[in-house]
Amino acid sequence: MSHDARPRLAPKARLRLDQKTNRYLLLYPEKGMQLNPTAADIVQLCTGEHTVEEIVSRLAEKYAPQPREVVEREVLSFLDALSERALVRTDP
Amino acid sequence: MSAATAERAAEYRPYTLVAELTYACPLRCVYCSNPVDYARHADALDTDTWLQVLRDAEALGVVQLNLTGGEPLLRKDLEALVAEAERLQLYTNLITSGIPATRERLARLRDLGLDNVQISVQDVAAPGADRIAGRRVFERKLRVARWVKELGLPLTLNIVLHRENLDRAEEMIAFAETLQADRLELANTQYLGWALVNRRALLPSAEQLARARATAAAARERLKGRMEILFVTPDYYVERPKACMDGWGRRFLLVSPDGLVLPCHLAHTLPGLAWESVRQRPLADIWHDSAALNTFRGEEWMPEPCRSCDRRTVDFGGCRCQAYHLTGSAAATDPTCALAPHHDLIEAARREAEAAARLPEAAATLVYRTARPLLPPA
């Protein structure tokens, strides 16, 4: 995924808080994914407004002093995984 | 909550409620997964009871709701159920034949919070599809699938595979692409319920199955990110059984049209288990305490070779219904397992399918789903 892409959650996916575990769940047909706090932060920023670059900046700020490169790698690999499963889209 | 209780609650936390709203259906599919004696189970739950089921299920941990049947669109109160599910933040999937949908009703359900529509299609063209469905519905289903996409709803196409249509896997994928399906389920028939009645006509050969699987795998790679493709192998061609329903009474909670709380679609066809109804006891009490549900939880019930098998926590001994309907004992090892004492039953069925594949093509006789008893009472 390129740095200026603006990912947004696909219509088939929905995010909810799991009351039992206090973790976020990403739900889609027949399946669900339990998200760790970083993943949940990323998904919450997948609104189509923010570029990948901006998402990285936000998270790097939040998870300081973690190096930006580490955060960037994590964000990109997670977004690519979601995109492969058609759970996020980058088309306008 | 004590540690042991908490551990048990996590082990037996349902994530998905399968709400079988009615067994009634306009179609007569020869592999219908409803029980063969479905007509004995009348629709017995009113709207308020179903709403309570949704609330109780969510409190138990359910986050996914499958509205199914029979044909769920036959329920006039579907709107009320979808609205409540939305309030409860459930991911709601309507599993339908597409008959009798109208565009207006689909739009209304979308506005109320429906998340996904799954339409079953029996084949890629009318003659084959209508033969399996036992009704001329193929063209109408196509129209409904297009409405779903026009309305901006995610579309899952479900095509059940068997000997008569497996060679058209390539066409099925192209068909799903044309309809812009978000997800394509190429799900082989599982030979239970009506499909077991029709097994002789439907079970494919190993070779036919392998070709279709390869086709699906190539398409999955090509369509990655655009369309999700799922290929489900029939249990008859696996070496080790699948974890049926992710284990009995663990992740799936099913409520039948007459209100029974079940671990799967066919558990009420097993003898000697007293299933309880949501009309008699709160759902949570039944889920945790029902003697019938607890029968096949854990490992106590397991026979050898399951009991000492290192896969017992992976496949949970396989499918109890398959065990019963093939061997006569619900506590037997699923005969689809190559280690099962009754595995010869599966091998015999495979040999029968191989032999049928070598015969010149002739349309097999099919038994259509019907409310009439298949056999006269003894």
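The shown structure was predicted, so the numbers you read here are calculated from the model rather than taken from an experiment.

Focus on the pattern of salt bridges
Residues and elements named next belong to chain B. Tallied over the entire structure, the rule returns 33 salt bridges over all chains. R87 is paired through a salt bridge with E84; the nearest N and O atoms lie 2.8 Å apart. With a gap of 3 residues between them, R87 and E84 both fall in helix 3 (residues 78-87), about one helical turn apart. Taking relative accessible area as the criterion, R87 reaches 56% and is therefore assigned exposed. In this structure, the salt-bridge partner of R131 is E164, at a minimum N-O distance of 2.6 Å. Of this pair, R131 sits in helix 5 (residues 126-133) while E164 sits in the loop between strand 5 (155-161) and helix 7 (169-178), and the two are 33 residues apart along the sequence. Exposure remark for R131: the relative accessible area of 25% places this residue in the partly exposed category. Assessed through its relative accessible area of 27%, E164 is described here as partly exposed.

Topic: the nonpolar core
By size, the foremost hydrophobic cluster in this structure holds 114 residues, and its most contacted members are L17, I119, L157, L184, L186, I229 and W275 of chain B. The contacts of L184 of chain B, once residues within four sequence positions are left out, are L157, I159, M172, I173, A176, M227, E228, I229 and L230 of chain B. Of all hydrophobic cores here, the second largest spans 25 residues; its members include M33, V43, V71 and L82 of chain A.

Here's the deal with the packing of aromatic side chains
Residue and element names in this part refer to chain B. Summed over all chains, the structure comprises 7 aromatic pairs over all chains. Taking 5.5 Å as the distance between ring centres and 75° as the angle between the ring planes, the aromatic pair formed by Y191 and Y236 counts as edge-to-face. Linking Y191 in the loop between strand 6 (183-188) and helix 8 (194-197) with Y236 in the loop between strand 7 (228-232) and strand 8 (252-255), this pair joins segments that are 45 residues apart in sequence. Residue Y191 shares its accessibility class with Y236, and that shared class is buried. The interplanar angle of 85° and the centroid separation of 5.0 Å between the aromatic rings of W248 and F296 together place this pair among those described as edge-to-face. On the criterion of sequence distance, the pair formed by W248 in the loop between strand 7 and strand 8 and F296 in the loop between helix 12 (291-294) and helix 13 (312-315) is long-range, its members being 48 residues apart.

Conventions used here
- Residues numbered from 1 in each chain as written.
- Chains lettered and ligands numbered in written order.
- Predicted model: local features only at pLDDT ≥ 70, side-chain atom pairs only at ≥ 80, totals over all residues.
- Heavy atoms only, no water.
- Salt bridge = Lys/Arg side-chain N within 4 Å of Asp/Glu carboxyl O.
- Helix = DSSP H or I, 4+ residues; strand = E, 2+ residues; numbered from the N terminus.
- Buried < 20%, exposed > 50% of the residue type's maximum accessible area, 1.4 Å probe, protein only.
- Core = buried A, V, L, I, M, F, W, Y, C linked by side-chain atoms within 4.5 Å.
- Contact = heavy atoms within 4.5 Å.
- Phe/Tyr/Trp six-rings, centres within 6.5 Å; stacked < 30°, edge-to-face > 60°.

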